[in-house]
Amino acid sequence: MKFYRMHVLVAEDTRSIMAGAKRVEEALVEEIRLAGLEDEIRVVPTGSLGFSDKDQVAIAIYPDNIIYCPVLVSTVPEIVEEHFLKGRIIKALAHPMEQKEVTMEERTSENQMNLDIQKRILLENVGKIDPENIQEYIAADGYVALEKALFSLTPEKVIDEVKKSELRGRGGAGFPTGLKWQFTRPNPGPVKYVICNADEGEPGTFKDREIMEGDPHKMIEGMILAAYAVGGTHGYIYIRGEYALSIQRLQKAIDACYEYGLLGKNILGTDFSFELCIHSGAGAYICGEETALINSIEGKRGEPRKKPPYPPSQGLWQKPTLVNNVETFANIPAIISNGGEWYQSIGVEGSRGTKLFSLMGDINWKGTIEIPFGTSVGDIIDNIGHGVRYDRKLKGVILGGSSGSLLVPEELNTPVDFHSLAHIEAGPGSGSIVVMDETRCIVDICLNIAEFFRHESCGKCTPCREGTAQICHLLEMIASGNGLPEDIDHLEKISQTMMDASFCPLGQTAPSVLRQALKKYRQEFLDHIHNSNCPAGVCNMNFTEEV
Amino acid sequence: MAKISSLEELRKIRNDAKESMKTRSGNAKVRVFASMGTVGIAGGAREALKAMIDELEKRNFHDVEIVEGGSMGLDNEEPIIRIERDGFETTYGKVTPDMARQIVAQHIINGQMISEWVIARNEK
């Protein structure tokens, strides 16, 4: 086998590729060849290195443990000449966040408080292995869980382990995964479906993408395990059409699995068989709802179905169907190989394990983070996000996406877990944290969200179809300085009706940020209406429009 | 690639793949430090290092981490290669490609120091 003294990992997630990661990789390969080092140094594409604060290309170098960022095509010759050939680390090019974070060892030791409130279980391989190479995943103890399940555990035992782990679904609703599996298993039938909901359409959420781009096999292994547990025969990955790179990497991973006999008939020589394919969505937000998703796979219009019957009894093509989120499936391999009790020891009562969040907004460090449940939102912003950008004052945080909740600065020491967040009418939701500083106008933000929902409402039920449009109209009026005092009452009434009477969670949660904004930032709405004044100076007040 | 049809095959693939990932694991058994200053390169450090990698590959030994560094200040002993193994740092001077191959065979793989070429040795 070929031995390389040095591995150069190029971060190639969507952002980095847009910043030119492919060109940097080509330049690296070419320069290494020119320097005559091609037999000694291996260039490997990998997922995100864990920070994406700027649109820059980052590379990690092993065994020296150095991260260079930003790397441009023009700096590649210098890196090859100085570092790869002569062994001199170029301090000036090392990751600029802080110069002392030159090596990964320093990064983890000196930044204990910064990075190490993160705990990487789901993302352990992201940025360390080549996602397009199944061998690297296998080397990182991949498919150990599958091996264990197929050869030493019964399907019931697998479900028991998942139940013991107290894993809850990561798609937003937080339904206990073990129970869902248990409901699906006894339903009879020669065909049973396992669907992975990878339709990550919530604005501000990009955590599943990190798994699919950086470690697709982890999710696939989770799906195979789920199929084994519930008796699934066929699987679909319903993925957002916009995630081109994820689709490409997942497809490569599935092809490799078929080639290695990890998918298809008689997996690993046992009599368990499972087929898996990708179904790409066409850009409708509603298809993230499980029954709408099932309709979409069947080729029907993406509209939610009546529940019950729930998918575990009658789902895709009226067959028993298990639908779980990407992150949920990605949790399974670690649970099976380490046992449910191990998983249960992480996190807090009622919310076990780790959770991915997409951290973004007016903050210094952005990216996908993984924290054990129980970490407070404030901690995340200060220690992982390195505080609000430009040292501005924090205005609020939108937690759980645009259908999530709004947190004011006083609520930031709430621990992130299902129970504590429920007390303040919030939840981890889709797993996004959007930080707003004082220059943001709350009316403008609500309007932005309302426009999104007006566009995405599927139109099946009246409260949602009409409600989203009316909310949008009223907010437009307020934002342009033409609001009336009674508009606030109208907004509250419409929101309440939508929550009570909408057919599916889209309409029920669409007004949730607005409702909380009306409560927590009421003064700002009143300023817009009574004084025609936008305190943050965002809204364009023109008085010409007649109401 | 034929389909994996048994547990043993999967385990074998895993062990092989693990070997080739050792460079990234940060806990290799042997650490090799090659002095790559201007003097070292002029004195033939590249050739020595190449021979070393070639020999490691031939003998299929991957549990090693090779780090390059600048000059140690001992110009008359260049090329210098330092081996860290079993808690000792052993420094070899004036390493030719042939010597490098022998160092791989005896010291890196089998832990037998070649005393006549050693210029310094200390506990880590």
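Residues numbered from 1 in each chain as written. Chains lettered and ligands numbered in written order. Predicted model: local features only at pLDDT ≥ 70, side-chain atom pairs only at ≥ 80, totals over all residues.

**Description of the overall build of chain A**
The condition is simple: The numbering of helices and of strands both runs from the N terminus, where a helix is a DSSP run of H or I of at least 4 residues and a strand a run of E of at least 2. When we talk radius of gyration, it's over C-alpha atoms, and the globule rule is simply 2.2 Å times the number of residues to the 0.38. Each residue is represented by a C-beta atom placed from its backbone, and any two residues with such atoms within 7 Å are regarded as in contact.
When you go through chain A residue by residue, the secondary structure sums to 23 helices and 15 strands. In summary, chain A has a C-alpha radius of gyration of 24 Å against a globular reference of 24 Å for 547 residues, a match within 12%. Taken along the three principal axes of its C-alpha coordinates, chain A extends 75 × 60 × 40 Å. Restricting to contacts in chain A with at least 6 residues of sequence separation, those with at least 24 account for 72%.

**Some points on the environment of S273 of chain A**
Residues and elements named next belong to chain A. Mapped onto the elements of the fold, S273 is located in the loop between helix 12 (244-260) and strand 7 (275-280). For the pair formed by S273 and G261, sequence separation is twelve residues and the distance between their alpha carbons is 9.9 Å. In this structure, S273 is in contact with T233, G264, K265, N266 and I267, ignoring residues within four places of it in sequence.

**Here we look at the sheet that holds strand 7 of chain A**
All names here are of chain A. Counted only if it meets this: Whether two strands pair comes down to DSSP finding at least two bridges between them. The axes used here are C-alpha line fits, helices contributing only the stretch in contact, and every angle between their N-to-C directions lies in the interval 0 to 180 degrees.
Strand order in the open sheet formed by four strands is 7-6-5-8, with parallel pairing between adjacent strands. Where the open sheet ends on each side, the last strands, each with one partner, are strand 7 and strand 8 (321-325). Here the strands of the sheet are splayed against their neighbours by 20° on average, with no regard to which way each runs. Pairing of strand 5 (residues 193-198) with strand 8, which is carried by five bridges, proceeds in the parallel orientation.

**Considerations on the interface of chain B and chain A**
We count it as follows: When residue character is reported, Ala, Val, Leu, Ile, Met, Phe, Trp, Tyr, Cys and Pro are called nonpolar, Asp, Glu, Lys and Arg charged, and the others, Gly included, polar.
The interface is formed by 30 residues belonging to chain B together with 28 residues belonging to chain A. Of all the secondary-structure elements, those providing two or more residues to the side of chain B that touches chain A are helix 1 (7-20), helix 2 (22-25), helix 4 (45-58) and strand 2 (64-69) of chain B. Element by element, the count of residues in the side of chain B that touches chain A is highest for helix 1 of chain B, at nine residues. For the side of chain B that touches chain A, the per-class residue count stands at twelve nonpolar, nine polar and nine charged.

**Structural notes on the domain arrangement of chain A**
Residue and element names in this part refer to chain A. The condition is simple: Each domain's extent was defined by an automatic or database domain assignment.
Entries for chain A in the domain assignment read domain 1 (6-115), domain 2 (134-344), domain 3 (347-437) and domain 4 (442-530). Domain 2 puts seven residues into the contact, and the matching count from domain 4 is eight residues. Grouping the amino acids of the side of domain 2 that touches domain 4 by side-chain chemistry returns four nonpolar, one polar and two charged.

**Some thoughts on the sheet that holds strand 1 (residues 30-35) of chain B**
All names here are of chain B. With mixed pairing, five strands are arranged side by side in an open sheet as 2-1-3-4-5. Since the sheet does not close on itself, it has two edges, and those belong to strand 2 and strand 5 (118-123), each with one partner. Put simply, the sheet's adjacent strands are angled 15° from each other on average, direction ignored. Relative to strand 3 (residues 81-85), strand 1 runs antiparallel, the two sharing four bridges. In the strand pairing of strand 3, R31 is matched with E84. Against the sheet, helix 5 (residues 97-109) makes contact with strand 1, strand 2, strand 3 and strand 4 (88-92), and its axis sits at roughly 10° relative to strand 3, the strand it touches most.

**Comments concerning the environment of L179 of chain A**
Checked against the element boundaries, L179 of chain A lands in helix 9 (residues 177-184). When the C-alpha positions of L179 of chain A and R168 of chain A are compared, they lie 9.4 Å apart, and in sequence the two are eleven residues distant.

**Considering helix 14 (residues 326-338) of chain A**
Residue and element names in this part refer to chain A. Our working definition: Residues are called buried when their C-beta atom has 20 or more other C-beta atoms within 10 Å, exposed when it has 12 or fewer, and partly exposed otherwise; all C-beta atoms are positioned from the backbone.
Helix 14 sits mainly inside the fold: twelve of its 13 residues count as buried. Turning to helix 14, its buried residues number three or more, namely V326, E327, T328, F329, A330, N331, I332, P333, A334, I335, I336 and S337. Among the residues trailing helix 14, G339 stands out with phi positive, at a value near 95°.

**Some words on the packing of helix 11 (residues 216-230) of chain A against helix 14 of chain A**
Residues and elements named next belong to chain A. Formally: Should an angle fall under 35 degrees it is called roughly parallel, over 145 degrees roughly antiparallel, and 65 to 115 degrees roughly perpendicular, with every other angle called oblique.
The geometry of helix 11 relative to helix 14 is characterised by a closest axis approach of 7 Å and an angle of 75° between their N-to-C directions. If you check the angle between helix 11 and helix 14, you find them roughly perpendicular. Residue-level contacts link K218, M219, E221, G222, M223, L225 and A226 of helix 11 to V326, F329, A330, N331, I332, P333 and I336 of helix 14.

**Some words on the environment of E476 of chain A**
Residues and elements named next belong to chain A. Counting through the fold element by element, E476 comes out in helix 19 (residues 462-479). Classification of E476 as partly exposed rests on a count of 16 C-beta atoms within 10 Å. Residues E476 and N448, spaced 28 residues apart in sequence, show a C-alpha to C-alpha distance of 9.6 Å.

**A look at the nonpolar core**
Short version of the rule: We define the nonpolar core as any set of buried residues of the types Ala, Val, Leu, Ile, Met, Phe, Trp, Tyr and Cys, connected via C-beta atoms lying within 7 Å of each other.
Ranked by size, the top nonpolar core spans 131 residues in total, and within it M223, I224, L225, A226 and C446 of chain A carry the most contacts. Per-element tally for this core: the top contributor is helix 11 of chain A, with ten residues. In this structure C446 of chain A touches L475, V513, L514 and A517 of chain A, once residues within four positions along its chain are discounted. Of all hydrophobic cores here, the second largest spans 55 residues; its members include L93 of chain A together with I53, V64 and V95 of chain B.

**Description of helix 5 of chain B**
Residues and elements named next belong to chain B. Heads up, the condition is: Multiply 1.5 Å by the residue count of a helix minus one, and that product is the helix's expected span. Values of bend correspond, residue by residue, to the angle between axes fitted over the seven residues ending at that residue and the seven starting there.
For helix 5, spanning 13 residues, the distance from its first C-alpha to its last is 17 Å, which sits close to the expected 18 Å at 1.5 Å a residue. The largest bend in helix 5 comes to about 35°, at I103. Buried within helix 5 we find A100, I103, V104, H107 and I108. As for helix 5, its buried residues are in contact with strand 1, helix 4, strand 2, strand 3 and strand 4. G111 occupies a position one or two residues after helix 5 and carries a positive phi of about 75°.

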